Amino acid sequence: MGRVGVLLLNLGGPDKLEDVRPFLYNLFSDPEIIRLPFRWMQKPLAWFIATRREKTSQENYKQIGGGSPLRRITEEQGEAIKHQLGELGQEANIYVGMRYWHPFTEEAIAQLTQDNIDKLVILPLYPQFSISTSGSSFRLLEQLWKENPKLQSLEYTVIASWYKQPGYLQAMAELIAGELQHFPQPEDVHIFFSAHGVPKSYVEEAGDPYQQEIEECTYLIMQTLNRPNTHTLAYQSRVGPVEWLQPYTEDALKELGAKGVKNLVVVPISFVSEHIETLQEIDIEYREIAEEAGIHNFRRAPAPNTHPVFIQALSNLIIDSLQQPNLKLSQVTQMKKKVKMYPQERWEWGLTTSAEVWNGRIAMLGFIGLIIELITGKGLLHVIGLLH
Ligand SMILES: C=CC1=C(C)c2cc3[nH]c(cc4nc(cc5[nH]c(cc1n2)c(C)c5CCC(=O)O)C(CCC(=O)O)=C4C)c(C)c3C=C
Ligand SMILES: [Fe+2]
C-alpha cells in the first residue's frame, strides 16, 4: 500500500479562557447539536446561548487549569498511534480534525490534500456513534468532499463506531480494575458508568443508535472485566430544557447513596480523553453530590488517553480497516433504522401531523422569543440586531 493517512476526528475544546465563547458559538451553530425548525435561527440562537453560557463555562475551565486538555491529549494519541503503526509495519501520516475548535477538520483536510496520500482512514475518537458527535463530523466531511474535486479522487474508508473492539474493552477493564484495587474490598464497590447524554428525541425520533451502543458497550466492558461487582449506567452533562436520556447521573448517584452504597468507581464511557466533563463535572461536581448522598469513597477510572492497550486497539482497528472493503461517508451518515431526520416535512392540509408540527414550531418560536425577552429585557428582533 502507498502512503496512508489517518484522520482522527474529535470534538475540540477551548485552549484558553478567551476561546470559550467562540468555541461555544461553533458548537451551538451545529444543527446536529441544536435542532431548530428554521436554519436562519441557528446563528442568532448560537450567539445568544454562547453569550449566556460564557461565564459559567469559563469558571469550569478555570477549575481545570484554564483550558481544555483535549488538543494536547488527541495529539499525543496521534503520535502514539503513528509509532505503534510503524511497529506493525504500516507507516502513516496522522491528522487531527476537531469539529468545533483548532485544529479544525477543514485545516486537517487542507493539510492532507497537500501531502498527496494514497489512502485515508477516517477514525472518530468516539467509541459509540451519535448523530451529535461522529455523525456531525461525517456530515461536515461529506460537505467538504462535495466541494473539493481533489478529495473526490482520494481513496478513503470510514470507521463508524468501534465500541466492540476487544482491545478497547480490555483497556477499559484494566482501567476499572486499577481503581478497584484501591478499595479494601474491591468486590463491594459499585461500578457507575457515566455516559454523555443526548436529548431523548435523538434516539426516539431521529433513530440515533447511541443509546443502544452505550448499553451494549457497558455490558461488554462488564463481561471483559469479569468481576461480581454491581453496576449502573446513567447519563451526564444535560444542557437545555428538553428531556435527555435517563437516568441522569446526579439522580442515580443520589439514589445509590440512599440505598446505602458507600464505595463507587465512576467510569466515563463516551469519550477517550480527559476533558471538562471528566475533570470538572465528574471529579468536582458529581463527587460533591455523591459525598452529600453518603458515598464517601468515590474514585474515577481515568480516560484511556494513551494507555498502551488502547493505542494498540486503535492501531489494530486502522490496520483491519485497510484490509476490509471501503466504507463511504454516505453509508455511515444514513441511520441504521430507516427514520427520516425530519419525518413530517411534507405538507398536508387539514388536521394532519404536518399541521400539528408547524403549530408546534410556530409556538416554539414565540416561546423562544418570550424567554429571550425575559432574560435580556429586549425583544428577539432587538437581540438579533434587526431593530434598534
Ligand atoms: C447541547 C447539546 C449537546 C449534545 C447533544 C452533546 C453531545 C455530546 N458531547 C460529547 C462530548 C463532549 N462535549 C463537550 C462539551 C460540550 N458539549 C455541549 C453540548 C452538547 N454535547 C456543551 C455545551 C459543551 C461545552 C461544555 C461547557 O463548557 O459548558 C466536550 C468537552 C470538550 C472540552 O472542552 O474538553 C466533550 C468531550 C459527546 C460524547 C456527546 C454525545 C454522545
Ligand atoms: Fe457535549
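Residues numbered from 1 in each chain as written. Chains lettered and ligands numbered in written order. Predicted model: local features only at pLDDT ≥ 70, side-chain atom pairs only at ≥ 80, totals over all residues. Heavy atoms only, no water.

Student: How would you explain the UniProt feature "binding site: Fe(2+)" (unreviewed entry) in the protein chain if you had to name every residue and give the values?
Tutor: Per the UniProt annotation, the sites labelled "binding site: Fe(2+)" (unreviewed entry) are His196 and Glu277. Their sequence span is 82 residues, while the largest C-alpha to C-alpha distance among them is just 8.5 Å; these annotated residues converge on one region. Inspection of the secondary structure puts histidine 196 in strand 5 (residues 190–196). Judged by relative accessible area, which is 27%, histidine 196 ranks as partly exposed. (UniProt positions renumbered as here; feature names shortened; annotations may be inferred. Helix = DSSP H or I, 4+ residues; strand = E, 2+ residues; numbered from the N terminus. Buried < 20%, exposed > 50% of the residue type's maximum accessible area, 1.4 Å probe, protein only.)

Student: Please provide a residue-by-residue account of the site of ligand 1, values included.
Tutor: Neighbouring ligand 1 are 28 residues, the closest being Arg53, Ser57, Tyr61, Ser68 and His196. In the model, an oxygen atom of ligand 1 is placed 2.4 Å from a nitrogen or oxygen of the serine 57 side chain. One nitrogen or oxygen atom from the side chain of glutamate 277 is found 3.5 Å from a nitrogen atom belonging to ligand 1. Within the complex, 97% of the 810 Å² of free accessible area of ligand 1 lies under protein. Secondary structure elements with two or more residues in the shell around ligand 1: helix 1 (20–28), helix 2 (42–63), helix 5 (131–147) and helix 11 (276–292). Broken down by element, the residue count for the shell around ligand 1 peaks at 4 residues, all from helix 1. In terms of residue class, the shell around ligand 1 is made up of 16 nonpolar, 10 polar and 2 charged. Looking at which domains feed residues into the shell around ligand 1, each of domain 1 (4–163 + 307–334) and domain 2 (166–300) gives three or more. (Near = heavy atom within 4 Å. Polar contact = N/O pair within 3.5 Å; in protein donor to acceptor, adjacent residues only side chain to side chain. Areas by Shrake-Rupley, 256 points an atom, 1.4 Å probe, with all protein chains shown as cover. Nonpolar A, V, L, I, M, F, W, Y, C, P; charged D, E, K, R; others polar. Domains from an automatic or database assignment.)

Student: Now, about the sheet that holds strand 2 (residues 92–98): what can you tell me, with residues and values included?
Tutor: In a beta sheet, neighbouring strands pair by backbone hydrogen bonds and run either parallel or antiparallel. Reading across the sheet, the 4 strands line up as 2-1-3-4 and stay open at both edges, with parallel pairing between neighbours. One side of each edge strand has no neighbouring strand; the edge strands of this open sheet are strand 2 and strand 4 (155–158). Pairs of neighbouring strands in the sheet enclose a mean axial angle of 20°, with direction left out of account. Lying on the sheet, helix 3 (residues 70–87) is in contact with strand 1 (4–10) and strand 2; it crosses strand 2 at an angle near 160°. Across the sheet, helix 12 (residues 308–323) is in contact with strand 1, strand 3 (119–124) and strand 4; its angle to strand 3 comes to roughly 135°. (Pairing = 2+ DSSP bridges. Axes fitted to C-alpha atoms, helices over the stretch in contact; angles between N-to-C directions. Contact = heavy atoms within 4.5 Å.)

Student: Please give an account of the environment of proline 31 that cites residues and values.
Tutor: By the secondary structure assignment, proline 31 is in the loop between helix 1 and helix 2. Residue classification places proline 31 among the partly exposed positions, given a relative accessible area of 21%. Distance in space between the C-alpha atoms of proline 31 and serine 132 is 8.8 Å, their sequence separation being 101 residues. Not counting the four nearest positions on each side in its chain, proline 31 is found in contact with Arg39 and Gln42.

Student: Could you give an account of the nonpolar core, naming the residues involved and the relevant values?
Tutor: Judged by nonpolar contacts, the single largest core of 49 residues is most densely connected at Trp162, Tyr168, Ile176, Phe193, Ile221, Val267 and Ile269. Counting residues domain by domain, this core receives three or more from each of domain 1 (4–163 + 307–334) and domain 2 (166–300). Ignoring any residue separated from it by four or fewer positions in sequence, one finds tyrosine 168 in contact with Pro127, Gln128, Trp162, Tyr163, Cys217, Ile221, Ile269, Val272, Phe310 and Ala313. In this structure, Tyr95, Leu120, Phe138 and Leu144 belong to the second largest nonpolar core, which totals 21 residues. (Core = buried A, V, L, I, M, F, W, Y, C linked by side-chain atoms within 4.5 Å.)

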